[in-house]
Amino acid sequence: MKKIFVLSVVAALAVASCKKHENTVSELRNYSTPTIILQDGMYYSIPVGGILPTIKATAYDSFYHEDATVVFDQSKMDVTIPGIYSVYATAKNKYGMANTDTLFVAVTDITNVDIAGRYVQVATSDTMTLTRLANGFYHTSDAVGVGLSDTANVLPAMFVQTSATSLVMPMQYSKKFGSFSATNGVVNLSSSDTTYSYNLQNASFPATTRTFRRLN
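It should be emphasised that the depicted structure is a prediction, and the values quoted were computed from it without experimental measurement. In this numbering scheme, every chain counts its residues from 1 along its sequence in written order. Side-chain atom pairs in this predicted model are given and counted only at pLDDT of 80 or more, local residue features only at pLDDT of at least 70, and totals for whole chains, interfaces and linings cover all residues. Remark: hydrogens and water are excluded; side-chain values derive from all non-hydrogen atoms of the structure.

Visitor: In this structure, what is going on with the packing of aromatic side chains? I would like to understand it.
Guide: Pairing of aromatic rings covers Phe, Tyr and the six-membered ring of Trp, with a centre-to-centre limit of 6.5 Å; geometry is then stacked below 30 degrees between planes, edge-to-face above 60, and tilted otherwise. One pass over the structure, following the stated rule, counts eleven aromatic pairs. Between Tyr 43 and Phe 104 the ring centres are 6.1 Å apart and the planes differ by 20 degrees, which places this aromatic pair in the stacked class. With Tyr 43 in strand S2 (residues 43-46) and Phe 104 in strand S7 (residues 98-107), the pair connects residues that are 61 residues apart, well separated along the chain. With 6.1 Å between their ring centres and 25 degrees between their planes, Tyr 196 and Tyr 198 make a pair best called stacked. The same class applies to Tyr 196 as to Tyr 198, namely buried. Among the aromatic residues, those joined into a ring-pair cluster are Tyr 119, Tyr 138, Phe 159, Tyr 196, Tyr 198 and Phe 212. Labels follow the DSSP assignment, with helices taken as runs of H or I lasting at least four residues and strands as runs of E lasting at least two, numbered in each case from the N terminus. Exposure is judged per residue with a 1.4 Å probe applied to protein chains only, and the accessible area is read against the type maximum: over 50% gives exposed, under 20% gives buried, and values in between give partly exposed.

Visitor: I keep staring at a nonpolar patch on the surface and nothing clicks. Help me out?
Guide: For patches, a residue must show more than 30% relative accessible area and have no salt bridge; joins then use 9 Å for like charges and 5 Å for nonpolar side chains, namely Val, Leu, Ile, Met, Phe, Trp and Tyr. Values of accessible area rely on a 1.4 Å probe in the Shrake-Rupley scheme; residue burial ignores everything except the protein chains shown. We define a salt bridge as a side-chain nitrogen of Lys or Arg found within 4 Å of a carboxyl oxygen belonging to Asp or Glu. Together, Tyr 31, Tyr 95 and Met 97 make up an exposed nonpolar region whose accessible area comes to about 370 Å². Mapped onto the secondary structure, Met 97 falls in the loop between strand S6 (83-92) and S7. Given the relative accessible area of 33%, Met 97 is considered partly exposed.

Visitor: How should I be thinking about the sheet that holds S2 in this particular structure?
Guide: Remark on secondary structure: sheet strands pair via backbone hydrogen bonds, oriented parallel or antiparallel. Note: two strands are recorded as paired if DSSP finds a minimum of 2 bridges between them. Taken in spatial order, the four strands of this open sheet run S2-S7-S6-S5, and their pairing is mixed. In this open sheet, the two edge strands, each paired with only one partner strand, are S2 and strand S5 (70-73). Neighbour-to-neighbour, the strand axes of this sheet turn through a mean angle of 30 degrees, independent of strand direction. Only the contacting stretch of a helix is used when fitting its axis, a line to C-alpha atoms as for every element, and angles between N-to-C directions run 0 to 180 degrees.

This is the structure:
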């Protein structure tokens, strides 16, 4: 009887242990990260062989009420090759929770040139807007040239004018169309006309030469 009694106690403890495990409640906790503020914006331009300009950035964690140091990762940059590069800004709070923001740097030797304005794609007569972000650094409202009214196929993009006659549109990503880039980028800065053209590389669109002429 003594042995049976002991086994019964052990069994009871095992059942109790199982019940305790089943009643364990999982918790989903939110955590705070610093907010990064890039005081001079997220677009910069430097000459070939230059160094990254001083970036004014602050970070603050509003939950813990503390400032954080912003650290910049320039490992993706190659200042010897014209193009567009990403620089990552990271800030951590006292618990190691991090937030990262991205800024973009154009490397180009172009100077005193601004080709921003409204453009029309020659083949379709559809218009788009080219905005200057920094020296030689531009954002087009539509790299495809289908016209802003065709919202299903509009593809915003960035490119850098690398010389008086050339441009580079490096690999970028669109949530709608995936990765894309351009080849054979050409700029024409004649006194009577300003145009640029390239071959868009993306599976969703024909790989034909697209030429854009400035309207203003």
